[in-house]
Amino acid sequence: GQNIDQPTEMTATEGAIVQINCTYQTSGFNGLFWYQQHAGEAPTFLSYNVLDGLEEKGRFSSFLSRSKGYSYLLLKELQMKDSASYLCAVSGPGSGNTPLVFGKGTRLSVIA
Amino acid sequence: GAGVSQSPSNKVTEKGKDVELRCDPISGHTALYWYRQSLGQGLEFLIYFQGNSAPDKSGLPSDRFSAERTGGSVSTLTIQRTQQEDSAVYLCASSLTGDEKLFFGSGTQLSVL
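In this report, we go over the structure that sits alongside the text. The shown structure was predicted, so the numbers you read here are calculated from the model rather than taken from an experiment. Per chain, the residues get numbers from 1 upward, laid out in the order the sequence is written. A letter from A marks each chain and a number from 1 marks each ligand, given out in the order of writing. Under the rules for a predicted model, residues below a pLDDT of 70 receive no local features and side-chain atom pairs below 80 are neither given nor counted, while totals for whole chains, interfaces and linings still include all residues. Heavy atoms throughout the structure, all of them, feed into the side-chain values; hydrogens and water do not.

1. Focus: the sheet that holds strand β8 (residues 70–75) of chain A
All names here are of chain A.
And then number 1: Two strands pair if DSSP finds at least two bridges between them. Elements are defined by DSSP. Helices are runs of H or I of four residues or more, strands are runs of E of two residues or more, and each kind is numbered from the N terminus. Read from one edge of the open sheet, five strands run β1-β3-β8-β7-β6, paired in antiparallel fashion. The open sheet has two edge strands, β1 (2–5) and β6 (53–57), and neither has a second partner. Each strand of the sheet is rotated relative to its neighbour by a mean of 15°, with strand direction disregarded.
And then number 2: Relative to β8, strand β3 (residues 18–26) runs antiparallel, the two being bridged by six bridges. Along β8, the bridge assignment pairs Cys22 with Ser71. Only the stretch in contact is used when a helix axis is fitted, and all axes are lines through C-alpha atoms; the angle between N-to-C directions ranges over 0 to 180 degrees.

2. What to know about a nonpolar patch on the surface
Residue and element names in this part refer to chain A.
And then number 1: On the surface, Tyr48, Val50 and Leu51 cluster together to form a nonpolar patch covering roughly 270 Å² of accessible area.
And then number 2: Checked against the element boundaries, Val50 lands in the loop between β5 (44–49) and β6.
And then number 3: Relative accessible area serves as the criterion here: at 32%, Val50 is assigned to the partly exposed category. Patch definition: residues with relative accessible area over 30% and no salt bridge; like charges joined within 9 Å; nonpolar side chains (Val, Leu, Ile, Met, Phe, Trp, Tyr) joined within 5 Å. In these tables, accessible area is a Shrake-Rupley quantity obtained with a 1.4 Å probe, and a residue counts as shielded only by the protein chains included in the view. Just to be clear on terms, a salt bridge is a Lys or Arg side-chain nitrogen sitting within 4 Å of an Asp or Glu carboxyl oxygen. For the exposure calls, accessible area comes from a 1.4 Å probe over protein chains only, and a residue counts as buried if that area is under 20% of its type's maximum, exposed if over 50%, partly exposed in between.

3. Let's talk about the packing of aromatic side chains
And then number 1: Each Phe, Tyr or Trp ring (for Trp, its six-membered ring) is paired with any other whose centre lies within 6.5 Å, and the angle between the two planes then decides the class: stacked below 30 degrees, edge-to-face above 60, tilted in between. Per the counting criterion, the structure on display carries 15 aromatic pairs over all chains.
And then number 2: Seen from their ring centres, A:Phe33 and A:Tyr48 are 4.1 Å apart, and the 20° between their planes marks the pair as stacked. Of this pair, A:Phe33 sits in strand β4 (residues 31–37) while A:Tyr48 sits in strand β5, and the two are 15 residues apart along the sequence.
And then number 3: Take A:Phe33: its relative accessible area is 1%, and that puts it in the buried class.
And then number 4: Ring centres of A:Tyr35 and A:Phe102 lie 5.8 Å apart, and the angle between their planes is 55°; on these two criteria the pair is classed as tilted. Of the two residues, A:Tyr35 sits in strand β4 while A:Phe102 sits in strand β10 (residues 101–102), which places them 67 residues apart along the sequence. Take A:Tyr35 and A:Phe102: they sit in the same class, and that class is buried.
And then number 5: Of the aromatic side chains, those joined through ring pairs into one cluster are A:Phe33, A:Tyr35, A:Phe45, A:Tyr48, A:Phe102, B:Tyr35, B:Phe45 and B:Phe104.

The following block contains the structure:
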């Protein structure tokens, strides 16, 4: 089975940096996804990590440590529009279109 | 289409009635997934289609839930004899073969009174 943990809620200030952590225990692992979901909207893809290390994409970066079962999403220069839920999801075991297993999401509130 | 389309966007029904939820995936996406999202809960996997067949139905919570996909495109999720605990947002997603990156629809908000 798979177990994914991430904080339920976080609050950060506009312009600041926030790190959202995700830990997982899985019976098989291909890679880790981060999705953003604004209230009442569809989740949208942010990042995908397969190898250890940091992947940077503009204001957003995602880190993975496979040996530790740990990932984080780093958001820099926070903007009010970044207020949303951030979903950590694990793929695997198996190959191809294995259904993703999602954590419960972290609701981020950005305040002025 | 440009994105994954789901209908209806909202559905209110009475306990015991049957409901059908529809999903139109992105054109050319062979894989289609149904998830359920309840308040305060994560996305719960229900069923996955590769083409018209469903290799993984492990997430369907009871035999009241069923799904089909025809023509490798549109999928319908049917819930029979709805119960109040079925109230949730039902999300559909699609992806290309061999690609685990999912594209989600906006979901159907189901409310069972």
